[in-house]
Structures are given as structure tokens and as C-alpha cells.
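Fold and geometry: a report
This is what each chain is made of:
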Amino acid sequence: MREVAIIGVKNTIFGEQWDRSFRDLVVEAGVGAVKDAGITGEKIDSMFVGNMSGGQFVEQEHIGALIADYSGLAKNLHIPSTRVEAACASGGLALRQGIYSVASGMDDIVIAAGVEKMTDVPSAKASSALAAAADREWEGIMGATFPGLYAMIARMHMHKYGTTSEQLASAAVKNHQNGQFNPIAQYKNKITIESVLNSIMVADPLHIFDCSPITDGASAVILAPADIAHEYTDTPIYVKGTGQASDTLALHDRRDITTLDASVVAGKRAYEMARMGPEDIDLVEVHDCFTIAEICAIEDLGFAKKGEGGKVTFDGETAIGGRIPVNTSGGLKACGHPVGATGVKQAIEIVEQLRGEAGKRQVDGAEIGMTHNVGGSGATAVVHIFSRNR
Amino acid sequence: MSVPRFWRKQIARYNLVGTHCKQCGEYFYPPRNMCPSCRREGEIEDFKFSGQGEVVTYTVIHAAAEGFEGQTPYVLAIVQLEEGPRLTTQIVGDAKDMSIGMKVSPVFRKLGQSGDRGMIYYGTKFVPA
């Protein structure tokens, strides 16, 4: 198996982009990443695109072909393009498939991208499209919503470990603090614990400021074999570990409501491949679709003891400058959550940090970073570990 | 949800009929045809649950799922049946009376309907026991 490096990256702006289409977004990200890597289209061997629900959000399937076509890679070059879907983990999985294809030796230069255009439908329709990531037949039919499922995780976490609403809110406050320094972030405003607690209740105990927003956006990275990465860039970022795991589709079937076993196992697999542990990681982008999801994630990945995620967040240990900075990009909460793109955006944040290009949100001396991308309420998790050094 | 898709699980939804693996003894609701522990070695049979259970966790939904707009606020919960399996359901009653560990019993209720003239979906909700 060959080692793999990221040699080019590009995010579009994340936000409500009424004037731009699905294809506009993904072409901007793809072309930007190609430019960043200093390659040309002829060099590309294949592409993988994460997209959760083009069918429901823009009534478009056959996403792989569409993107190859409008990127100018279909008509003359006929570059193979594959869509990857795992709900909100689609982006992370597309990246993983790209890594597989380079590592295997089948392909040299690969684009891994992710895209979601969520504001072409009313927000009620967007919510029901997202709800399809849960079990439609046994959760959705009873009136479950995604905030509702995570609210049940939050309620249990509070009951078992004494986690408070203030501790949950502190994750959102910290992510908005980081997001203000990220040029692509959907929200660049600071918020306070009081404003989170005073925002409207969506699914008790989660307020609307505990929830990530609906977002349009696309992200793309270029992968290459580590052996030739220096031909393209002075700052390749190396993939040291990748792990993926599945769990039950429905929350009610999980071993423990407050632990995402898929995160634990995907993390373990990535740590083993990288021959590292949580103590080696300088910063991490976790899947904070809701504040409670960030709390569970830092516990499940080994950055806090089970039950203490709320406390360490409230105490500032996960802020930039803290023991383990979490979601320097602003996370899903402040940077935005175009579901198919998020997993790729997380990797780009780590690349920018490890290159030392993260500006005011730079983590000093960052050498090793992790990403954690979750599908649904935890039925899929994918974790990657990246390093500045080979 | 389409009529055939709902109809084919009607008995399971109306009467809390799930499955049981005779090989390892585990019970499943919602029903499963493949036991995750025994897989192909498993022996699956239908099983009707008593319906007695307790609340594992719950939430009060204020921003409704599509089709549930008229019901807010409503209580969504995970209930553990006395035979072991857990399911997602609604608890009928006042949100302020809910608590983790509360004993509940099943009730037959309307879940929703497709549009103004479409089929009405019935199923099992729970009430404090």
C-alpha cells in the first residue's frame, strides 16, 4: 500500500448562496483545488464526490457524471467520477475512497470533493431530506427529527453524567469564536452562553443555537502518492491514518445512547494505522452537527473521559490555545454544514493548519491533526489523521 | 410513506409484533430477520411483546417533523420493552410529567396521514403506566 498526500485544497464560501447553483459550487471547489496543486485536468486519474441528497435538495441524481461534465473532465478526457453517499459523512467517505484509490496504486492523481446545495428548497423540505439519514420506517414515522434524536442523546448525557445546558452551549460559543476568523464561515458573529440558552427551543434540551445550520457549499482536495507529492507542492500534508465504522441505523438500537461506537471504532482504526494515540494529536475537527455531538465526539475519540466532555469544553480546554483545540474552522455550527461537503472541509481545515496558513485561527506549531465525520445519529463514522511530516 | 410500505408492517406497528432469535434468545423490535449475534445460524420467529416498558430517554419536540406540525410540542422517546428491545415512539401526555425511567404502557393511536385525503397511519404510542 502506498502512502498518500494532499497536494491541493479549495473550499467555496459556506452559506446561503441564492445566486449560485449546485454545479457552480462544486466546479469552483474542484478547479480551485486543481489550481492550488498546480496540476492540469489531464493529470487527473479519477474523482470521488461526496453528496448526501442531490435527489431531494436539487432533484438531481447522477452527481458523479454531472460534476465530471461541468468540470470539463467528461467530454474529452472521460475521467471516471463516482458519487459516494453516507448521509452527513458523505464527504469524509469520498475522501477515504480517494485515499484508497491512490494507496492501491490504481490511480495517481485523484480529486476527492464534497458538495451540498441545501437552500434551493424550503427549510421544512431540507429538514425532511436530512431526516432520511435516520430510520424512516421506525424513527421518522413516529415524528423523530434530527435535533430530536440528538436531544435524546443530550438528555441521557445530562442524566448520566450531570452535563449542563451551559456546558453544551459553551461548544457553540467556542465554535463561533473560531468561525469569526475563518473567511469561508457562514457565521462570523460571536455569541454568548446566555444567547444560546435564550434562543428558541427546537427539541428540549437543544436550542436553535445548539444546532448547525442549513448551508450551501463545496470542498475539494487533490490526492497524490506521497513519493511524488513534492513535485507539486512544498507543503504536502500526509495521510497517516484512516478509519471507518458502521453502527445501527436507528439510535434506539445502540449499545449506549451516549456513546457513538462507530466514532470509537473508526478512531481506534485510524489511531492504529497511524501508530498514534489521542496524545499525539495537536488539533481536531469533529462533527458538531449539534453541541452534544461535539461533547460525545471528544469523549469517543479519547480527548476527554466519558462524561467529562461538557466540563472540558466549558473550561476552555478545546479552545485555540487550549490543551486540544477542537473545530478551529468554526465547526459545523459556525462554519456551516453543507452535509456532503463537511467531511472534505474538515480535512482542508487541517491542511491549512498544518501548512501554517490558518491566519488568526492558527494553532501554533500544529504538526498532526485529525478529522471526524459522522453520518446520521452515528450509524457511520470516518476518522482521518494527517501529518505535516511523512 | 407509501401505502404498501406502511401496510406490509401493519401487524408489527399495530400489535407490537417483533421477532425473537431462538438460537441466542434475543428479542427484536422493530422486527429483524437477521440476528446480529447469530447471523445465518440464528432462528427467527415472530414474537408479540407485552408492551410494558420504561423510558430510556426523551425529548420534547418544538420544531416538528414534516406532517407533525399540528402536534407540537410532542414527546418523542426511546422506550425499552420489558423483554429487552428498544424502540422510538411518542409518549402521550404532558411533557412536564416525563422522566427517565418512567414506566409506560402501549396505546393504539393515529400517527399521521398522507395529505388531506390520503391513508391514515395508525401505530403504537405509549402512556405513563
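Residues numbered from 1 in each chain as written. Chains lettered and ligands numbered in written order. Predicted model: local features only at pLDDT ≥ 70, side-chain atom pairs only at ≥ 80, totals over all residues.

This brings us to the overall build of chain A. A tally of regular secondary structure across chain A gives 13 helices and eleven strands. For 390 residues, the compact-globule formula gives about 21 Å, and the C-alpha radius of gyration of chain A, at 19 Å, lands near that figure. Principal-axis analysis of the C-alpha atoms places the extent of chain A at approximately 55 × 45 × 40 Å. Sequence-distant contacts in chain A: of pairs separated by 6 or more residues, those separated by 24 or more amount to 77%. (Helix = DSSP H or I, 4+ residues; strand = E, 2+ residues; numbered from the N terminus. Rg over C-alpha atoms; globule rule 2.2 N^0.38 Å. Contact = placed C-beta atoms within 7 Å.)

So, on to unusual backbone geometry. All names here are of chain A. Going from Asp204 to Pro205, the amide bond is cis rather than trans, its omega being 10°. For Pro205, the position within the fold is in the loop between strand 5 (201-204) and strand 6 (206-207). With phi around 55°, His78 is a residue other than glycine that occupies positive phi space. Relative to the helices and strands, His78 is located in the loop between helix 3 (63-70) and strand 3 (81-84). You can call His78 exposed: it has 9 C-beta atoms within 10 Å. (Buried ≥ 20, exposed ≤ 12 C-beta atoms within 10 Å, placed from the backbone.)

This paragraph deals with the interface of chain A and chain B. The interface of chain A with chain B comprises 28 residues on the first partner and 26 residues on the second. Those elements that provide at least two residues to the side of chain A that touches chain B are helix 5 (123-131), helix 6 (146-161) and strand 5 of chain A. Looking at the side of chain A that touches chain B, the element that brings in the most residues is helix 6 of chain A, giving seven residues. In the side of chain A that touches chain B, the residues fall into 16 nonpolar, seven polar and five charged. Of the strand pairs in this sheet, strand 5 of chain A and strand 4 (residues 53-61) of chain B are connected by two bridges, and their pairing is antiparallel. Bridge pairing in strand 4 of chain B links Asp204(A) to Val60(B). (Nonpolar A, V, L, I, M, F, W, Y, C, P; charged D, E, K, R; others polar. Pairing = 2+ DSSP bridges.)

Residue and element names in this part refer to chain A. Axis separation between helix 6 and helix 10 (residues 291-300) bottoms out at 9 Å; the angle between their running directions is 60°. Judged on the interaxial angle alone, helix 10 and helix 6 are oblique. Crossing of helix 6 against helix 10: the hand is left-handed. Of the residues in helix 10, those in contact with Tyr150, Ile153, Ala154 and His157 of helix 6 are Ile292, Ala293, Ile295 and Cys296. Classifying every residue of the contact of helix 6 with helix 10 by side-chain character gives seven nonpolar, one polar and no charged. (Axes fitted to C-alpha atoms, helices over the stretch in contact; angles between N-to-C directions. Parallel < 35°, antiparallel > 145°, perpendicular 65-115°, else oblique. Left-handed = near helix turned anticlockwise from the far one by under 90°.)

Residues annotated in UniProt with the feature "domain: Thiolase N-terminal" (unreviewed entry) correspond here to residues 4-226 of chain A. Secondary structure content for residues 4-226 of chain A is 39% helix and 17% strand, and the end C-alpha separation is 5 Å. (UniProt positions renumbered as here; feature names shortened; annotations may be inferred.)

Under the UniProt annotation, the feature "domain: Thiolase C-terminal" (unreviewed entry) is placed at residues 243-388 of chain A. Helix makes up 34% of residues 243-388 of chain A and strand 16%. Its end C-alpha atoms lie 19 Å apart.

Mapped onto this numbering, the UniProt entry annotates "domain: ChsH2 C-terminal OB-fold" (unreviewed entry) at residues 49-109 of chain B. With 0% helix and 49% strand, the stretch residues 49-109 of chain B has end C-alpha atoms that lie 17 Å from each other.

Moving on: the sheet that holds strand 1 (residues 4-11) of chain A. Residue and element names in this part refer to chain A. Sheet architecture is open: nine strands sit in the order 3-2-4-7-1-8-11-10-9, paired in mixed fashion. The two strands at the open ends of the sheet, each matched to only one other strand, are strand 3 and strand 9 (283-285). Put simply, the sheet's adjacent strands are angled 25° from each other on average, direction ignored. As paired elements, strand 1 and strand 7 (residues 217-225) share seven bridges and run antiparallel to each other. Bridging across to strand 7, Gly8 finds its partner in Ile222. Packed onto the sheet, helix 3 meets strand 2 (46-50) and strand 3 and runs at close to 135° relative to strand 3. Together, strand 1, strand 2, strand 4 (110-116), strand 7, strand 8 (237-246), strand 9, strand 10 (368-375) and strand 11 (380-387) form the strand contacts of helix 13 (residues 342-355), whose direction differs from that of strand 10 by roughly 170°.

Residues and elements named next belong to chain A. For the pair helix 4 (residues 90-103) and helix 13, interaxial distance at closest approach is 5 Å and the crossing angle is 65°. Accordingly, the angle class assigned to the pair helix 4 and helix 13 is roughly perpendicular. Only Thr342, Gly343, Val344 and Ala347 of helix 13 make contact with helix 4, whose side of the interface consists of Ser90, Gly91, Gly92, Leu93, Ala94 and Leu95. Looking at the contact of helix 4 with helix 13 residue by residue, the class counts come to five nonpolar, five polar and no charged.

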